Amino acid sequence: MHRRLIAPGALAVSLLLTVPASAADYKPGAPGIGDPYYPSYGNGGYDVSHYTLRLKYQPVTDTLEGTATLLARTTQDLSRFNLDFLLDVSEVRVGGAKASFATSGEHELEITPKTPLAKGTPVTIVVRYRGVPSSKQAYGFTNWHRTPDGGVAANEPEAAWWWFPSNDHPLDKATYDVSVAVPDGTQAISNGTLRSTSSRAGWTRYTWRSDKPQATYLATLAVGRFDITTGRTESGIPVINAYSKDLGDNAGAARASVERTGEVAEWLTGYFGPYPYNALGGYVPNVSTGYALETQTRPFYSPRQFAGGSNVSVVVHELAHQWYGDLVSVAGWKDIWINEGFARYAQWLWSEHEGEGTAQELADHVYASHAADDPFWKVRPGDPGPEDLFDIAVYDRGALALQVLRNEVGDRAFFTILKGWPAKYAYGNATVGDFQEYAEQVSGRSLAGLFDTWLFKPSKPGTPAARGAGVASRSSGVTAPTSWKKITATNSVHAH
């Protein structure tokens, strides 16, 4: 028999490694996830993998009550942690035990579990709550849209606070089960597939499932009286579209646009790869706002998007986001070009498809139509700042940069990049720098100068740079393509 001799010092180290952390080692999770644009958005100390939301909503009073169950795992030794939320909470349980809670800041729910949580611990968090979403504000605004027959949650970069507690930042993506009881004759629309409906005592419950990772701002809820259409794409993906019954003069144009969702999604697969989800659709509630949003699998469109007639271009924009923004989400809000530049460029590709102007002609027009002293060039799409997150330059200058990239690397490499990027970072997050690195790998070219000139410099690239990039540098002879009017009609999608 052999005995192993252990030096006293080594024994002490060994024992220390087995001793649980003391109470002093447990610290509160940060009240923000670390985004420099929005320091208080999201939270530190844990990662959510799944949300189950069981809700009941009364349209007449705009009263929402619910129970949210979050499955999470701690990423540090936690004495306390935060959720982002605004409604009134009656009870919180962590790991089955009642936890104490308090509110702080504009939208923070501080939760102190009965016992501290060690790093790496799987934890179930249950929050019971009730409130009138339209009565709640943070930073002076509300993102709950009251409608004549219900309410809608859809906005960016924040919307979740008004209807469920969350870790509200794209870095923490999760799957969702959303079950909503509403009065009979009213429908509840959410993301993903409709798993069941059931009626009891004057209430109908709709249960939806989004089974792929989804950012919190991409989760949506719409309650009202809708006309609902169903179908399937050529590849078999179910399509559910919904239209408020009181859209008035915009109803026909909205349907003529959104009903082409399946066709557009199939067309986009040729550029971006296979459609990444098992559900598809869109909805148009009777809201007064003017923007649209790429809520995952079922984009939100305001009626005003169709005030000038049918506009498939906006459908192209929001469906392009299902790859660029939803499948691959921003790592930080400064990376918004990953979302908006590409969705805008998809509109340019659709223009080519429809024979209404090539992407090159659109790029020439964007460059030529903004003088050097236009504030348009002051916005840097690669890092625009929180005040300019949805500035038109992020879209148009962002798409222009993509055409410049296309001219630089050639069509074969460019379209390989467009299709390969979503596959490389599927269901995750990435930065503008990650995209540049990937484009360089695929093309075999150094692209630092190109990205700096067209995405990061707060000035108009000069004539020599434009000529070198294959962009027309003079306004004379550069006319707006036929599609330009349709594309600019979607500009209000940015007014979040």
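Predicted model, so just to flag it, every value in this text is computed and none were measured.

Novice: It is not clear to me how the packing of helix H5 (residues 337-354) against helix H7 (residues 392-409) should be interpreted in this structure. Could you clarify?
Specialist: The geometry of a pair of packed helices is captured by two quantities: the angle between their axes and the separation between those axes. Across the interface, H5 lies against H7 with an axial gap of 8 Å and an inter-helix angle of 65 degrees. When the interaxial angle is binned, H5 and H7 end up roughly perpendicular. Taken as a pair, H5 and H7 cross one another with a handedness that is right-handed. Residue-level inspection shows Trp337, Glu340, Gly341, Phe342, Arg344, Tyr345, Trp348, Leu349 and Glu352 of H5 in contact with H7, the latter providing Ile392, Val394, Tyr395, Asp396, Gly398, Ala399, Leu400, Leu402, Gln403 and Arg406. Considered class by class, the residues forming the contact of H5 with H7 number 11 nonpolar, 3 polar and 5 charged.

Novice: Would you explain the sheet that holds strand S16 (residues 221-224) in this entry?
Specialist: Paired through their backbone hydrogen bonds, the strands of a sheet run either parallel or antiparallel. With antiparallel pairing, the 4 strands of this open sheet are ordered in space as S10-S11-S16-S13. Either end of the sheet is taken by a strand with one partner, and the two such strands are strand S10 (144-147) and strand S13 (187-189). Going across the sheet, the axis of each strand differs from the next one's by a mean of 20 degrees, ignoring polarity. Two elements, S13 and S16, share 3 bridges in a ladder whose sense is antiparallel. Considered in S16, the bridge of alanine 188 is made with valine 223.

Novice: Is there a simple way to think about the packing of helix H3 (residues 261-272) against helix H8 (residues 411-424) in this case?
Specialist: For the pair H3 and H8, the least separation of the axes is 7 Å and the interaxial angle reads 105 degrees. Judged by the angle between their axes, H3 and H8 are roughly perpendicular. From H3, Thr269, Gly270, Tyr271 and Phe272 reach across to H8, where they touch Phe415, Leu418, Lys419 and Pro422. The residue inventory of the contact of H3 with H8, partitioned by class, reads 5 nonpolar, 2 polar and 1 charged.

Novice: Explain helix H10 (residues 448-456) here, please?
Specialist: Count 3.6 residues to each turn of an α-helix, and residues three or four apart come out pointing the same way. For H10, the set of buried residues is Leu450, Phe451, Thr453, Trp454 and Leu455. Where the residues of H10 are buried, they touch H5, helix H6 (359-368), H7, helix H9 (432-443) and helix H11 (463-468).

Novice: Help me out: how do you make sense of the side chain of serine 443 in this one?
Specialist: Mapped onto the elements of the fold, serine 443 is located in helix H9. On the accessibility criterion, serine 443 (18% relative accessible area) is buried. At 2.7 Å, the side chain of serine 443 forms a polar contact with the backbone oxygen of alanine 439. Reaching out from serine 443, the side chain makes a polar contact with the backbone nitrogen of arginine 445 at a distance of 3.2 Å. Those residues in contact with serine 443 that lie beyond four places of it in its chain are Val409 and Ala413.

Thresholds applied
Think of each chain on its own: its residues are numbered from 1, step by step along the sequence as written. Reporting of local features is limited, given that this is a predicted model, to residues whose pLDDT is at least 70; pairs of side-chain atoms are given and counted only at 80 or more, and all residues count toward the totals for whole chains, interfaces and linings. As a rule here, side-chain values come from all non-hydrogen atoms in the structure, and water together with hydrogens is ignored. The angle between two axes is taken between their N-to-C directions and runs from 0 to 180 degrees, where each axis is a line fitted to C-alpha atoms and a helix contributes only its stretch in contact. A run of DSSP states H or I qualifies as a helix once it reaches four residues; a run of E qualifies as a strand once it reaches two. Both are numbered from the N-terminal end. Roughly parallel here means an angle under 35 degrees, roughly antiparallel means over 145, roughly perpendicular means 65 to 115, and every remaining angle is called oblique. Crossings are sorted by hand: turned counterclockwise from the far helix by less than a right angle, the near helix makes the crossing left-handed, and turned clockwise it makes it right-handed. The contact rule is simple, with two residues in contact once any of their heavy atoms fall within 4.5 Å. Three categories are distinguished: nonpolar for Ala, Val, Leu, Ile, Met, Phe, Trp, Tyr, Cys and Pro, charged for Asp, Glu, Lys and Arg, and polar for the others, with Gly belonging to the last. Strand pairing follows a simple DSSP-based rule, namely that at least 2 bridges must link the two strands. A simple rule labels every residue: compare its accessible area, found with a 1.4 Å probe on the protein chains alone, to the largest value its type can have, and call it buried under 20%, exposed over 50%, or partly exposed in between. Here a polar contact is taken to be a pair of N or O atoms separated by no more than 3.5 Å, where protein atoms must pair a possible hydrogen donor with a possible acceptor and residues adjacent in sequence count only if both atoms sit in side chains.

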